[in-house]
Amino acid sequence: MELSQLPDDLRAEIKRIIDDEVEKKTRGFSDALDQLRLQVEKSGGAGEQEDRATLVVFSGEMDTLFAACTIASGAAAMGMNVSMFFTFWGLNAIRVGRSFKGKTITEKMVACMMPGGPKSVPTSRMNMAGMGPRFFKYLMKKRNVEELPNLVELIQELGVRMVACETSMMVMGVKREELIEGIDYGGVATYLEDAAKSKITLFI
Amino acid sequence: MADQELDCKAISCPMPIVRVAKAVKSMTPGQTLEVQATDPSFQADIEAWARRTGNELVSFTTQDDVHSALIQIKG
């Protein structure tokens, strides 16, 4: 017998039973989908990702800083948003000088031991008491490779977000006046917020 | 003749593409930019840059160690 030949009330009852069963089975799907969506949002999934590159600049040597600044300026040239977090030795890349005013004895000692800025950073290898950097600067000049201080200026011009780590500044006795102007200051959460939504994250 | 010309000869990575990016900022869709460079990585870099930014690398030639790239700005 065809379904259409059944009496109306029987058809209605059959339809109700089927609808109930479908609703019961698929109610779980909708909840599961909501849970999944919530998890994805919480873990900063694809929807929250930005076209951003975030770099932690921890090292303070000429060669490593050069790599960091090249990548940052390259990423900016490619249209990405870029964030750089300068911490510990990386602070030397954004120094404009040394000051001793208002510092404790140990802070003054640390200030003496630090390079005064990107012009005077050592190389990570073959430093040879300062001969290494001089030699590499000569080689770079010969090939018209941009100098580190110019590269640091350039990345600021390109709108790279530059953040100085306040804790390492405190530990090393670095004052805000010793760093370049126009930068942000922050802590680990400041870094993590940008890093969590970046496509590229690097620790240099 | 391109709308703008950029001389990046005798300068090294990352400067050529940084300068290209700067020049393009003030240009409008449809305009063309001719860039000359001697950096060995220029070809790979400018191709990658064009793909990323959606601009078109119309032509790329090399003569006497000087690379010439013609870029057309898209929307």
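These figures come from a predicted structure and were not determined experimentally.

1. Remarks on the overall build of chain B
Moving on, step 1. A tally of helices and strands in chain B yields two helices and four strands.
Moving on, step 2. Listing every helix and strand of chain B by position from the N terminus yields β-α-β-α-β-β.
Moving on, step 3. Here the C-alpha coordinates of chain B stretch approximately 30 × 25 × 20 Å along the principal axes.
Moving on, step 4. Burial status across chain B gives 28% buried among its 75 residues.
Moving on, step 5. When contacts within chain B are restricted to residue pairs at least 6 apart in sequence, those whose partners lie at least 24 apart make up 60%.

2. Here we look at the overall build of chain A
Moving on, step 1. From N to C terminus, chain A includes seven helices and five strands.
Moving on, step 2. Counted from the first residue to the last, chain A has its helices and strands arranged as α-β-α-β-α-α-α-β-α-β-α-β.
Moving on, step 3. Projected onto its principal axes, the C-alpha positions of chain A cover 100 × 45 × 30 Å.
Moving on, step 4. Classification of the 204 residues of chain A by burial places 27% in the buried group.

3. Brief notes about the sheet that holds strand E3 (residues 56-63) of chain B
Residue and element names in this part refer to chain B.
Moving on, step 1. Pairing is mixed across the open sheet formed by four strands, whose spatial order is E1-E2-E4-E3. Edge positions in the open sheet fall to strand E1 (4-8) and E3, since each of these has one partner strand only. Taken over all neighbouring pairs, the strand axes of this sheet differ in orientation by 15° on average, direction set aside.
Moving on, step 2. Bridge analysis of E1 against strand E2 (residues 32-37) gives five bridges, and the strand direction is parallel. Considered in E2, the bridge of Cys-8 is made with Ala-37.
Moving on, step 3. Most of the contacts of helix H1 (residues 15-25) go to E1, to which it runs at about 160°, and overall it touches E1 and E2.
Moving on, step 4. Running at roughly 175° to E3, helix H2 (residues 42-53) makes contact with E2, E3 and strand E4 (66-72) of the sheet.

4. What to know about the nonpolar core
Moving on, step 1. Ranked by size, the top nonpolar core spans 50 residues in total, and within it Val-57, Leu-65, Cys-69, Ala-72, Met-84 and Phe-86 of chain A carry the most contacts.
Moving on, step 2. The greatest single-element share of this core, amounting to nine residues, is contributed by helix H2 (residues 62-77) of chain A.

5. Observations regarding the interface of chain B and chain A
Moving on, step 1. Of the residues lining the interface, 12 residues belong to chain B; the matching set on chain A comes to 11 residues.
Moving on, step 2. Listing elements by their share of the side of chain B that touches chain A, those giving two or more residues are H1 and H2 of chain B.
Moving on, step 3. If one sorts the elements of the side of chain B that touches chain A by residue count, H1 of chain B sits on top with four residues.
Moving on, step 4. Here the residues of the side of chain B that touches chain A are counted per class, giving nine nonpolar, two polar and one charged.

6. Remarks on the sheet that holds strand E5 (residues 200-203) of chain A
Residue and element names in this part refer to chain A.
Moving on, step 1. The sheet built from five strands is open, its strands ordered E4-E3-E2-E1-E5 with parallel pairing. On the outer flanks of this sheet lie strand E4 (184-186) and E5, each paired with one strand and no other. Ignoring strand direction, the axes of neighbouring strands in this sheet form an average angle of 20°.
Moving on, step 2. Bridge count for strand E1 (residues 52-57) against strand E2 (residues 81-86) is six bridges, and the pairing is parallel. Counted as the bridge partner of Arg-52 is Asn-81 from E2.
Moving on, step 3. Where H2 meets the sheet, it contacts E1, E2 and E5, and its direction lies at approximately 165° from that of E1.
Moving on, step 4. Together, E1, E2, strand E3 (161-165), E4 and E5 form the strand contacts of helix H7 (residues 188-196), whose direction differs from that of E1 by roughly 145°.

7. Section: the domain arrangement of chain A
Moving on, step 1. With domains assigned, chain A is organised as domain 1 (3-42) and domain 2 (51-203).
Moving on, step 2. A separation of 60 Å is found between the C-alpha centroids of domain 1 of chain A and domain 2 of chain A.

8. Concerning the packing of H1 of chain B against H2 of chain B
A pair of packed helices can be characterised by two numbers: the angle between their axes and the separation between those axes.
Residue and element names in this part refer to chain B.
Moving on, step 1. The interhelical angle for the contact between H1 and H2, taken along N-to-C directions, is 35°, at an axis separation of 10 Å. The chirality of how H1 crosses H2 is right-handed. Residue-level contacts link Pro-16, Ile-17 and Val-20 of H1 to Phe-42, Asp-45, Ile-46 and Trp-49 of H2.
Moving on, step 2. Of the residues that constitute the contact of H1 with H2, the class distribution is six nonpolar, no polar and one charged.

9. Quick look at the pairing of E1 of chain A
Residues and elements named next belong to chain A.
Moving on, step 1. Of all six residues that make up E1, five are buried, and the element is covered over most of its length.
Moving on, step 2. After leaving E1, the chain enters H2 and then returns to the sheet as E2, a path that is right-handed.
Moving on, step 3. Inspection of the sheet shows E1 paired to E5 by four bridges, in the parallel sense. Its bridge partner being in E5, Leu-55 is matched across the sheet by Leu-202.

10. Things to note about the pairing of E2 of chain B
Residue and element names in this part refer to chain B.
Moving on, step 1. Residues Leu-33, Val-35 and Ala-37 of E2 are buried on one face, while the alternating residues Thr-32, Glu-34 and Gln-36, pointing to the opposite face, are not.
Moving on, step 2. Crossover E1 to E2 through H1 is right-handed.
Moving on, step 3. As paired strands, E2 and E4 are joined by six bridges and run antiparallel to one another. Directly across from Ala-37, in E4, lies its bridge partner His-67.

Conventions used here
Residues numbered from 1 in each chain as written. Chains lettered and ligands numbered in written order. Predicted model: local features only at pLDDT ≥ 70, side-chain atom pairs only at ≥ 80, totals over all residues. Helix = DSSP H or I, 4+ residues; strand = E, 2+ residues; numbered from the N terminus. Buried ≥ 20, exposed ≤ 12 C-beta atoms within 10 Å, placed from the backbone. Contact = placed C-beta atoms within 7 Å. Pairing = 2+ DSSP bridges. Axes fitted to C-alpha atoms, helices over the stretch in contact; angles between N-to-C directions. Core = buried A, V, L, I, M, F, W, Y, C linked by C-beta atoms within 7 Å. Nonpolar A, V, L, I, M, F, W, Y, C, P; charged D, E, K, R; others polar. Domains from an automatic or database assignment. Left-handed = near helix turned anticlockwise from the far one by under 90°. Right-handed = clockwise from strand over helix to strand, strands pointing away.

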